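# What the coordinates show
These are the residues of each chain, in order.
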Amino acid sequence: MKESVNWKLFLSLWVASVFSVVAIVPYILTLQAGLLKDLPISLHILLPIQLVQNAVLFAFFVFVGLYLAKKVGFDAPILESLLERREAKTYIKSILGISIASGVLVSILITGIDYLFSIFIEPPLIDQPSPVSPPIWQCLLASFYGGIGEEVIMRLFLMTLLVWVFSKIKKTEEGKPSSFSIWLAIIITAIIFGAGHLPFAVTLAPLTSLEIARIILLNSIGGIVFGWLYWRKGLESAMISHFSADVLINVVFPLLI
């Protein structure tokens, strides 16, 4: 059992995940300020409970993800190299460009398609801003949750789990997961990733069928790109790409517009 996971890597990813949860708290509190007034329990009590709950959940996600990643051939090459004191600069340089560029592409696609949806969707969801707009610093901090927390849940845990399950059904002659199995896992994870944004969105405004399709589609675009990066370049590449896209969408573009 001692070799089931890399415990240094587990601790690093777990700490980073918990940090991402803390980082998004100001953003959520600002957006849901109206709803929080009616809570039957004080935030001073609720927030620590939520933090402990998330810490436990992320410990599970990271452990299962790392355990199964070894079985299907996925990894976090940069962190593994750094933790083992091996040279990592060359690999970082090799994936940094494509990771950031793919994040830029995702942000442009999402923004462009969102604009097309705005032609057909009536306000207030798209054409009118939220009554409360989080300040830029909160949006920047929230991007860490997307880049770290969501990638741990959706790629390291869920996508890896699906690939492992599918590999039990079909694998290559070498015993590795087939490309079809991996692509199927990428697409399913991306759709779940998109649908996972619905509960939070519905707290901000009522959703029509078209708005639901919009939310799932826009987030699935990123999910597919991030899934491919995780498969081909490693977990850190997906994290960098996701973080880059979130920073552009939530911080840079609003400043420019």
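Preceding this section is the structure that the text describes.
What comes next is a walk through the structure. These numbers were taken from a predicted model, which means no experiment stands behind them.

### Focus: the overall build of the protein chain
Across its full length, the protein chain holds 10 helices and zero strands. Helices and strands in the protein chain line up, N terminus first, as α-α-α-α-α-α-α-α-α-α. For 257 residues, the compact-globule formula gives about 18 Å, and the C-alpha radius of gyration of the protein chain, at 19 Å, lands near that figure. In terms of overall dimensions, the protein chain has a C-alpha envelope of 55 × 40 × 35 Å along the principal axes. The buried share of the protein chain, reckoned over its 257 residues, is 42%. A sequence separation of at least 24 residues applies to 81% of the contacts in the protein chain between residues at least 6 apart. Looking at the protein chain as shown, the accessible area adds up to about 13,900 Å², and 70% of this sits on carbon and sulfur atoms.

### Details of the environment of leucine 184
Take leucine 184: it is sitting in helix H7 (residues 179-195). Sequence spacing of leucine 184 and serine 102 is 82 residues, and the spatial spacing of their C-alpha atoms is 20 Å.

### Looking at helix H6 (residues 136-169)
An ideal rise of 1.5 Å per residue puts 50 Å on 34 residues; H6 measures up with 47 Å between its terminal C-alpha atoms. Within H6, 24 of the 34 residues are buried, which leaves it mostly tucked inside the rest of the structure.

### Observations regarding the pattern of salt bridges
This structure, assessed with the given rule, holds three salt bridges. For glutamate 84, the salt bridge goes to arginine 86, with nearest N and O atoms at 2.8 Å. A relative accessible area of 44% means that glutamate 84 is categorised as partly exposed. As a salt-bridge pair, aspartate 114 and arginine 214 come within 2.6 Å of each other at their nearest N and O atoms. Of the two residues, aspartate 114 is situated in helix H5 (residues 89-120) and arginine 214 in helix H9 (residues 209-232); the sequence distance between them amounts to 100 residues. Accessibility expressed as a relative area gives 14% for arginine 214, which makes it buried.

### Some words on the packing of aromatic side chains
All told, the structure shown has 11 aromatic pairs when counted by the stated rule. Aromatic side chains phenylalanine 58 and phenylalanine 61 sit 5.9 Å apart centroid to centroid with 85° between the ring planes, which places their arrangement in the edge-to-face category. Here phenylalanine 58 and its partner phenylalanine 61 are both found in helix H3 (residues 43-72), three residues apart, which amounts to about one turn of the helix. Exposure remark for phenylalanine 61: the relative accessible area of 15% places this residue in the buried category. Its guanidinium or amino end placed over the ring of tryptophan 231, arginine 232 lies 4.0 Å from that ring's centre, counting from NZ or CZ.

### Quick look at the side chain of serine 241
Mapped onto the secondary structure, serine 241 falls in helix H10 (residues 235-256). Taking the relative accessible area as the measure of exposure, serine 241 reaches 0% and is therefore buried.

### Regarding a nonpolar patch on the surface
A surface patch of nonpolar side chains, about 580 Å² in accessible area, is lined by Tyr115, Leu116, Ile119, Phe120 and Leu210. Here the nonpolar patch gets four residues from one element, more than from any other, and that element is H5. The topology assignment puts phenylalanine 120 in helix H5.

Conventions we followed
- Residues numbered from 1 in each chain as written.
- Predicted model: local features only at pLDDT ≥ 70, side-chain atom pairs only at ≥ 80, totals over all residues.
- Heavy atoms only, no water.
- Helix = DSSP H or I, 4+ residues; strand = E, 2+ residues; numbered from the N terminus.
- Rg over C-alpha atoms; globule rule 2.2 N^0.38 Å.
- Buried < 20%, exposed > 50% of the residue type's maximum accessible area, 1.4 Å probe, protein only.
- Contact = heavy atoms within 4.5 Å.
- Areas by Shrake-Rupley, 256 points an atom, 1.4 Å probe, with all protein chains shown as cover.
- Expected span 1.5 Å × (residues − 1).
- Salt bridge = Lys/Arg side-chain N within 4 Å of Asp/Glu carboxyl O.
- Phe/Tyr/Trp six-rings, centres within 6.5 Å; stacked < 30°, edge-to-face > 60°.
- Lys NZ or Arg CZ within 6 Å of the ring centre and 35° of its normal.
- Patch = residues over 30% accessible without salt bridge, like charges linked within 9 Å, V, L, I, M, F, W, Y side chains within 5 Å.

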